[in-house]
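Chains, contacts and geometry: an overview
Residues per chain are reported as follows:
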Amino acid sequence: MTEGQKLQNTTAGIVFILIGILAISVNDMVIKFLSGGYPLHQMVFTRSLIGIGFSLALVQMEGGWKILKTDQPGLHLLRGALIVVANLTFFTALAVMPLAEATAVFFVAPLMITLLSIPLLGEKVGPMRIGAVIVGFVGVIIMTRPWEAGGTRDVGLVMYSLPVVAAFTYALNNVLTRLLGAKSKASAMAVYIQTCFIVVSLVFWSVAGDGRFASAFENESLVFLLRAWVWPEGTDRWLFVGLGFNSAIIGYCLGQAYRLADAATVAPFEYVGLPMAIFWGWAIWGELPNLPVAIGITLILGSGLFVFLRERQKKRNVVSQKRVHRRY
């Protein structure tokens, strides 16, 4: 691949990740908005059922039914399981945590992707970027404040741990996307993911769809997970349709982003989701980050931007050295 093609792929990857993160931000906002009246597995089922229709249309555009065939079903199944765990843990926490705070804790994921890209993808990440990742982790620790007693914070430490679990499984998912992307189209990978969501949500429905277990719990997150299915009414129906459309956008754009560009290059752009989450939290629920969360967000954003700028400078130096070499 020529340098020009690499640059083109990197640019396209960045565009796709930005579109995907915008869709994720809207998705999180809508799910939190609906969390007081509908169970999580119902929303997951509905959005995946609608989303898979859009994804199958994209499959036809990218090569037809034949691209759904894969010789790596085990890895695709693992990738699907990871993203299902990431979604369930994050959205369960979202029911009780402020949107910006849950999103900020989750944004340890791009840092994890940068680290995981070293042993799993063989990508080179220098000491300065490793240092920036450490700063980002410090930001997460400041936000979660593990040294504080449970009574001094609005949300328990267990709830804070859920976005961290979501971040780790999401990071592994994106690293697998990079590994599988050489042979699989983004639309096909989106279909596999949505199929996993549909199967898992149907299992939840068969076990807890009538709400029989929800009455035994007072924790809002567990009630959100186990509440009985309710047929959407009024504008809620359109919000469910929007979740489905968003699901297709997210699956396709994230798959394309990590297929086309290095994980360590694309991952920092996911940080644009932080200011988006702050905006939605303020605009809809009147939530603004407290001082520790604001400090943590600043550290994470700063480390992410540094990683990106360092990567771009490194690539520019490599290209410059190659051009000098060609002159002689």
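The model shown is predicted, which means the values in this text are computed figures rather than measured ones.

1. Digging into the overall build of the protein chain
- Of the regular secondary structure elements, the protein chain holds 13 helices and zero strands.
- Put simply, the protein chain runs from its N terminus to its C terminus through helices and strands in the order α-α-α-α-α-α-α-α-α-α-α-α-α.
- The C-alpha radius of gyration of the protein chain comes to 20 Å, within 12% of the 20 Å expected for a compact globule of 328 residues.
- Sequence separation of at least 24 residues holds for 85% of the intrachain contacts in the protein chain that already meet a minimum separation of 6.
- Approximately 15400 Å² of the protein chain is accessible, and the part contributed by carbon and sulfur atoms is 69%.
- Averaged over its 26 positive side-chain charges, the protein chain has a centre that lies 16 Å from the centre of its 17 negative ones.

2. Digging into the confidence of the model for the protein chain
- Looking at the protein chain, the pLDDT average stands at 83 and 91% of residues meet or exceed 70.
- The secondary-structure element of the protein chain with the lowest mean pLDDT is helix 13 (residues 291–327), recorded at 67, while helix 12 (residues 273–285) shows the highest, at 91.
- Confidence drops under pLDDT 50 across residues 318–328; counting only partners more than four residues distant or on other chains, this segment forms two contacts.

3. Re the packing of aromatic side chains
- Across all of its chains, the model carries eleven aromatic pairs by this definition.
- Plain terms: the ring middles of Phe45 and Trp229 are 5.6 Å apart, the flat faces sit at 45° to each other, and that makes the pair tilted. Of this pair, Phe45 sits in helix 2 (residues 40–62) while Trp229 sits in the loop between helix 9 (220–226) and helix 10 (235–260), placing them 184 residues apart in sequence.
- Put simply, the rings of Phe90, Phe91, Phe106, Phe107 and Tyr170 pair up and form one aromatic cluster.
- Between the NZ or CZ atom of Lys32 and the centre of the ring of Trp285, over which it lies, the distance is 5.5 Å.
- Residue placement shows Arg47 over the ring face of Phe197; its charged tip is 5.3 Å from the ring centre.

4. A look at the nonpolar core
- The biggest cluster of nonpolar side chains holds 70 residues, and the ones touching the most others in it are Ile17, Met43, Phe106, Tyr170 and Tyr258.
- Not counting residues within four places of it along the chain, the set of residues in contact with Tyr258 comprises Ile17, Ile113, Asn174, Thr177, Arg178, Ala263, Val266, Ala267 and Glu270.
- Judged by nonpolar contacts, the second largest core, of eight residues, contains Phe45, Ile67, Ala188 and Val191.

5. Things to note about the pattern of salt bridges
- With the rule as written, the count across this model stands at one salt bridge.
- Among the ionic pairs, Asp210 bridges to Arg212, the shortest N-O distance being 3.0 Å.

6. Some thoughts on the environment of Trp282
- Examined against the element boundaries, Trp282 turns out to sit in helix 12.
- Overall, Trp282 belongs to the partly exposed group, its relative accessible area being 49%.
- A sequence separation of 222 residues divides Trp282 from Gln60, and the C-alpha atoms of the two residues are 40 Å apart.

7. What to know about the packing of helix 5 (residues 109–121) against helix 7 (residues 157–180)
- One can describe the packing of helix 5 onto helix 7 by two numbers: an axis separation of 9 Å at closest approach and a directional angle of 45°. Regarding the angle of helix 5 to helix 7, the classification is oblique. As helix 5 runs across helix 7, the sense of the crossing is right-handed. On helix 7, the residues that touch Ala109, Met112, Ile113, Leu116, Leu120 and Leu121 of helix 5 are Val164, Ala167, Phe168, Tyr170, Ala171, Leu172, Asn174, Val175, Arg178 and Leu179.
- Across the contact of helix 5 with helix 7, the residue classes tally to 14 nonpolar, one polar and one charged.

8. Here we look at empty space enclosed by the protein
- In this structure the tally under the stated criterion is two cavities of 30 Å³ or more.
- Counted as a void, the largest cavity has a volume near 510 Å³.
- Forming the walls of the largest cavity are 33 residues, and the residues nearest its centre are Ile24, Asn87, Tyr170, Ile250 and Leu254.
- Every element with two or more residues in the lining of the largest cavity is listed here: helix 1 (3–34), helix 3 (73–94), helix 4 (99–106), helix 7, helix 8 (186–208), helix 10 and helix 12.
- Per element, the largest residue contribution to the lining of the largest cavity is six residues, and it comes from helix 3.

9. Topic: the side chain of Ser35
- Here Ser35 lies in the loop between helix 1 and helix 2.
- Since its relative accessible area comes to 10%, Ser35 is described here as buried.
- Of the polar contacts made by the side chain of Ser35, one reaches the backbone oxygen of Lys32; its length is 2.7 Å.

10. What to know about the packing of helix 4 against helix 7
- Orientation of helix 4 relative to helix 7, taken along the N-to-C sense of each, is 45°, at an axis distance of 8 Å. The angle between helix 4 and helix 7 places the two elements in the oblique class. When you trace helix 4 past helix 7, the crossing you get is right-handed. Residues Glu101, Ala102, Val105 and Phe106 of helix 4 form the contact with helix 7, whose own contacting residues are Tyr160, Pro163, Val164, Ala166, Ala167 and Tyr170.
- Residues belonging to the contact of helix 4 with helix 7 are distributed by class as follows: nine nonpolar, no polar and one charged.

The rules behind the values
- Residues numbered from 1 in each chain as written.
- Predicted model: local features only at pLDDT ≥ 70, side-chain atom pairs only at ≥ 80, totals over all residues.
- Heavy atoms only, no water.
- Helix = DSSP H or I, 4+ residues; strand = E, 2+ residues; numbered from the N terminus.
- Rg over C-alpha atoms; globule rule 2.2 N^0.38 Å.
- Contact = heavy atoms within 4.5 Å.
- Areas by Shrake-Rupley, 256 points an atom, 1.4 Å probe, with all protein chains shown as cover.
- Lys, Arg positive; Asp, Glu negative; His and termini not counted.
- Charge placed at Lys NZ, Arg CZ, Asp CG, Glu CD.
- pLDDT = per-residue confidence, 0-100.
- Phe/Tyr/Trp six-rings, centres within 6.5 Å; stacked < 30°, edge-to-face > 60°.
- Lys NZ or Arg CZ within 6 Å of the ring centre and 35° of its normal.
- Core = buried A, V, L, I, M, F, W, Y, C linked by side-chain atoms within 4.5 Å.
- Buried < 20%, exposed > 50% of the residue type's maximum accessible area, 1.4 Å probe, protein only.
- Salt bridge = Lys/Arg side-chain N within 4 Å of Asp/Glu carboxyl O.
- Axes fitted to C-alpha atoms, helices over the stretch in contact; angles between N-to-C directions.
- Parallel < 35°, antiparallel > 145°, perpendicular 65-115°, else oblique.
- Left-handed = near helix turned anticlockwise from the far one by under 90°.
- Nonpolar A, V, L, I, M, F, W, Y, C, P; charged D, E, K, R; others polar.
- 1 Å grid on protein atoms, 1.4 Å probe; cavity = no way out; pocket = protein on both sides within 12 Å on 5 of 7 lines; lining within 4 Å.
- Points joined across faces, edges and corners; volume = space filled by probe spheres on them.
- Polar contact = N/O pair within 3.5 Å; in protein donor to acceptor, adjacent residues only side chain to side chain.

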